[in-house]
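Spelled out from the first residue to the last, the chains are:
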Amino acid sequence: MVREITENELNGLLQLYLYLHEESIPQMTENLRKTWSTIIQDENHHIIVNIVDGKIVSSCVCVIIPNLTRNIRPYAFIENVVTHEKYRGNGYAAECLNYAKEIAEKANCYKMMLLTGSKEEITLNFYSHLGYNSTDKTAFIQWLK
């Protein structure tokens with residue numbers, strides 16, 4: 001089930017981030033609490049999760065950025081796309097990214113941008129298959145209508 005994260009799911013998200021690039025789960029400090037609160041309360045910051053058997057198995061972040069160009073249309077930035085290694089290859093990340101696209105379209109965004117540090121062909125093909133390209137700029141971009 002794909003949806004936006006709820007406030008009480010921070011620990012599950014931090015566990016998933018161990019499959020992204022984190023080496024450990026951060027301590028529950030005041031800084032972490034404050035950052036989490038800021039994210040959860042920001043109507044332009046969307047953390048999308050895919051839940052299987054009550055567990056967060058995939059996620060991405062979609063931030064809608066207000067903009068003064070392109071007829072005052074915002075754009076969306078995608079970050080932290082990750083799937084638990086045991087659940088990869090089942091379309092869970094694609095479902096998260098498609099949900100992010102729905103959010104961006106509802107916000108009248110004119111494009112979505114996604115950066116990846118991966119050089120692996122399978123990862124680059126995955127993003128290309130979902131409509132992102134790396135030819136317009138030095139990043140993957142998906143132009144929206």
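Look above for the structure.
Let's talk about the nonpolar core
Grouped together as the largest cluster of nonpolar side chains are 21 residues, with contacts concentrated most on C60, C62, I78, V81, L97, M112 and Y132. Secondary structure elements with two or more residues in this core: β3 (55-65), β4 (75-83), α3 (92-106) and β5 (111-114). The element best represented in this core is α3, accounting for 7 residues. Aside from chain neighbours lying at most four places away, what touches L97 is C60, I78, V81, L114, F126, Y127, L130 and Y132. One finds L13, I47, I56 and V61 within the second-largest nonpolar core, a separate group that totals 15 residues.

A short note on the packing of aromatic side chains
Applying the stated rule across the entire model yields 4 aromatic pairs. Between Y127 and Y132 the ring centres are 6.3 Å apart and the planes differ by 80°, which places this aromatic pair in the edge-to-face class. Among the residues examined, Y127 registers a relative accessible area of 6% and is labelled buried. Here Y132 falls in the buried class, since its relative accessible area comes to 3%. Counting every residue linked through ring pairs, the aromatic cluster contains F126, Y127 and Y132.

Rules behind the numbers
Residues numbered from 1 in each chain as written. Predicted model: local features only at pLDDT ≥ 70, side-chain atom pairs only at ≥ 80, totals over all residues. Heavy atoms only, no water. Core = buried A, V, L, I, M, F, W, Y, C linked by side-chain atoms within 4.5 Å. Buried < 20%, exposed > 50% of the residue type's maximum accessible area, 1.4 Å probe, protein only. Helix = DSSP H or I, 4+ residues; strand = E, 2+ residues; numbered from the N terminus. Contact = heavy atoms within 4.5 Å. Phe/Tyr/Trp six-rings, centres within 6.5 Å; stacked < 30°, edge-to-face > 60°.

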